[in-house]
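Tertiary structure, described
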Amino acid sequence: MAENRNLKVDELNFDLIKANFRSFLQSQDQFRDYNFEGSGLTALLDILAYNTYYNSFYLNMASAEAFLSTAQKRNSVVALAKSLNYTPRSVSSARITGTATLTVTGSPTSVTIPQYTEFSGTIDGTTYKFLTTEAAVISPDSGVYSGTISLVEGTVITRRYTVSALDTDQRFLIPNLNADTSTLSVTVLNSSSDSTTRTFTKVSNLVEVDATDQVFFLEEVEDGQFEVKFGDDTFGIALDAGNIVVLEYIASSGPDANDIQVLTYNDSISGVTTITFTAADPASGGAIRESITSIRFNAPKAYESQNRVVTAEDYRALLLQQSSVDSVTVWGGEDNDPPEYGKVFVAIKPVVGTALSATEKANLINTVIKPKKILTVSTEIVDPEFLYLLIDSTVKYNSDNTSLTGAELKSLVTTVIQNFNDTDIDEFERYFRYSKLSRLIDFADRSILNNILSVRMRREVAIQLGISTRYEINFSNAIDNTTNGRPATHPYGAGNKVTSNAFTYLGFTNCFLEENNGIMRIYRTFGASNLAVVSNAGTLDYTTGKIILTNFAPTAFADGSTTLKLTAFPGEKDILPLRNQIVQIRDADITVTMLDDKTISLVNR
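These figures come from a predicted structure and were not determined experimentally.

The mixed open sheet is built from 3 strands, whose spatial order is β17-β18-β19. Each edge of the open sheet is held by one strand with a lone partner, namely β17 (325–332) and β19 (378–382). Each strand of the sheet is rotated relative to its neighbour by a mean of 25 degrees, with strand direction disregarded. Relative to strand β18 (residues 343–350), β17 runs antiparallel, the two being bridged by 7 bridges. Residue pairing for β18: V328 is matched across the bridge by I348.

Take a look at the structure:
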């Protein structure tokens, strides 16, 4: 037999694999002059090539599933995250807190609202069930029975398992994929004839867990199910044969019930005629289970934090595991403006809405952060500040190079800008890169020749109408400081460097703010003239972008809102957020103008 120098094992293409088999056989003395075409041996080569190709593909996929960064199947990602002691987040129920006012019969000293008392609310034509999270004792105050209660959306489900001495591999599963594991309670009855009950507490690590602790561990297992595991008499007490395990939890509708605010009492409590519920904030916190992408991102960071919050990354890793949190930034009090030592500031962009409710903030601080933080450090959750960008893009294109109409190209460019907002900014610590957006617009279609991009910054501030107040409005970026009253040839066009929406001031309508050499003034329009109303209403620092308004007291805004909208031209092309700022491009702030270069050329001939 000849030496196998023609043996090749680095091909993954079916035809090349088959060709390599043929070349190998032709190199053997037995098949040196054999005609493979049309012979039965060709069919055998097809089978061998197919089997080789199939195995190479399978092995490639199997090896990819062995690493957290490349795994595609949820079971694989969850198993790899488990090795980092990370449990993916389950579906989360919407929650709501408010005041319950009871109408009762007689004059009892107190009334108890039992756990799981049912209310209901409707949104988008669908009704959802809300249940009280715990029993609440309501005592009268001046004859009024009123108190604070918390509710969670969903349906109570109970599963019971009898511990078997014969089944050494017995498992205690939660098969419902909509289970909110944060509502899970685990109790154990001694036996069917002994109803003595023990309550077990969930733990996520073995620190300070001894052999007598009544604890359980929770893990996500195959197919999205969760499994409850108990101790082994070394770490946590073990169960005995005949014990009855009772798992009770809420099956949730996830984010569908968010924003419900009006709830109706649907239950029956002895001595209670009706309950009127007044919500403090709309229902929030409902979310789908954690995605594969999120698990990949969060698991290594959670492992790095080692179940404590010391560094900024620890806070970020811990909070990103919460269902209501979309983006987080953290900074120390020493970096705050003004500095506040001994404090950690956390800004959170929620999954739903633009800011967390007071209830959600308190819950995150008391139940998530406080048990893991350093005792002498206090934590404050602040709302994100949005730095809106107004995008004006003039796009030149050649209609001979595309089958799209000008309107279709305009829609395409608008979509490119919207996608840029979704993928490149709209989160904490994401910079706006002028050249990248301009390049993306140029590459949107081959007919586009170039684009002229104008970007302005806008801050929107809630104003107390009619009350003289000091306001600090920080763009956190340099503001253009070229000569006031720019000519039309300026890259940003003519006009002032800072402008505002119209408001009423000192009885004058159509008043506006503008800057003049670092001084903010209020003027009103009168015909074609601008007349000063207040010559010194505050200051502007061109370098830092901070505007300070002193004793600012408009009585109304022309658009009927209570929001001051300040617009400024940036001093630099790139725009950077500071601390709790998020740079964002809203759909309504996008203007696209299409110019057909072919038509322009014909006009200019």
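The next point concerns the packing of aromatic side chains. On inspection of all chains with the given rule, the structure shows 14 aromatic pairs. Note on F386 and Y388: the rings are 5.9 Å apart at their centroids and 5 degrees apart in plane angle, and the pair reads as stacked. Each member of the pair, F386 as well as Y388, carries the same accessibility label: buried. Aromatic pair F503 and F552: ring centres 5.4 Å apart, planes at 85 degrees, arrangement edge-to-face. With F503 in strand β24 (residues 503–505) and F552 in strand β28 (residues 546–552), this pair connects stretches of sequence that are 49 residues apart. One exposure class covers both F503 and F552, and it is buried. Taken together, the aromatic side chains of Y471, F503, Y505, F552 and F557 make up a single cluster linked through ring pairs. A cation over an aromatic ring shows up here: R586 above the ring of Y388, its NZ or CZ 3.6 Å from the ring centre.

All chains considered together, the criterion is met by 26 salt bridges. The salt bridge involving D589 is made with R586; its shortest N-O contact spans 2.8 Å. Here D589 falls in the buried class, since its relative accessible area comes to 11%. Residue R586 is classed as partly exposed on the basis of its relative accessible area, which comes to 23%.

This part covers the sheet that holds strand β8 (residues 155–162). Sheets are built from strands that pair by backbone hydrogen bonding, the pairs being arranged parallel or antiparallel. On the basis of which strands lie adjacent, the open sheet formed by 7 strands has the order β8-β14-β10-β11-β12-β13-β9 and mixed pairing. Among the strands making up the open sheet, the edge pair consists of β8 and β9 (172–174). Along the sheet, successive strands turn relative to each other by an average axial angle of 30 degrees, direction set aside. Looking at chain direction, β8 and strand β14 (residues 244–251) are connected through 8 bridges and run antiparallel. Each residue of the ladder has a partner; that of T155, found in β14, is A251.

Turning our eyes to something else, we now look at the packing of helix α7 (residues 406–424) against helix α8 (residues 434–442). Where α7 meets α8, the axes come as close as 9 Å, and the angle between the chain directions of the two elements is 140 degrees. In this structure, α7 meets α8 at a crossing whose hand is right-handed. For the pair α7 and α8, the contacting residues are V413, V416, I417, F420 and D424 in the first and K436, L437, L440 and I441 in the second. Of the residues that constitute the contact of α7 with α8, the class distribution is 7 nonpolar, no polar and 2 charged.

Here the focus is the pairing of strand β10 (residues 179–189). Both faces of the sheet carry side chains from a regular strand, because those side chains alternate between them. Among the 11 residues that make up β10, 9 are buried, leaving the element largely enclosed by the rest of the structure. As defined by bridge partners, β10 adjoins β14 across 7 bridges and the pair is classed as antiparallel. Note that in β14 the partner of D180 across the bridge is I250. Direction of pairing for β10 relative to strand β11 (residues 197–202): antiparallel, over a ladder of 4 bridges. Bridge pairing links V188 to R198 in β11.

What counts as what
- Residues numbered from 1 in each chain as written.
- Predicted model: local features only at pLDDT ≥ 70, side-chain atom pairs only at ≥ 80, totals over all residues.
- Heavy atoms only, no water.
- Pairing = 2+ DSSP bridges.
- Helix = DSSP H or I, 4+ residues; strand = E, 2+ residues; numbered from the N terminus.
- Axes fitted to C-alpha atoms, helices over the stretch in contact; angles between N-to-C directions.
- Phe/Tyr/Trp six-rings, centres within 6.5 Å; stacked < 30°, edge-to-face > 60°.
- Buried < 20%, exposed > 50% of the residue type's maximum accessible area, 1.4 Å probe, protein only.
- Lys NZ or Arg CZ within 6 Å of the ring centre and 35° of its normal.
- Salt bridge = Lys/Arg side-chain N within 4 Å of Asp/Glu carboxyl O.
- Left-handed = near helix turned anticlockwise from the far one by under 90°.
- Contact = heavy atoms within 4.5 Å.
- Nonpolar A, V, L, I, M, F, W, Y, C, P; charged D, E, K, R; others polar.

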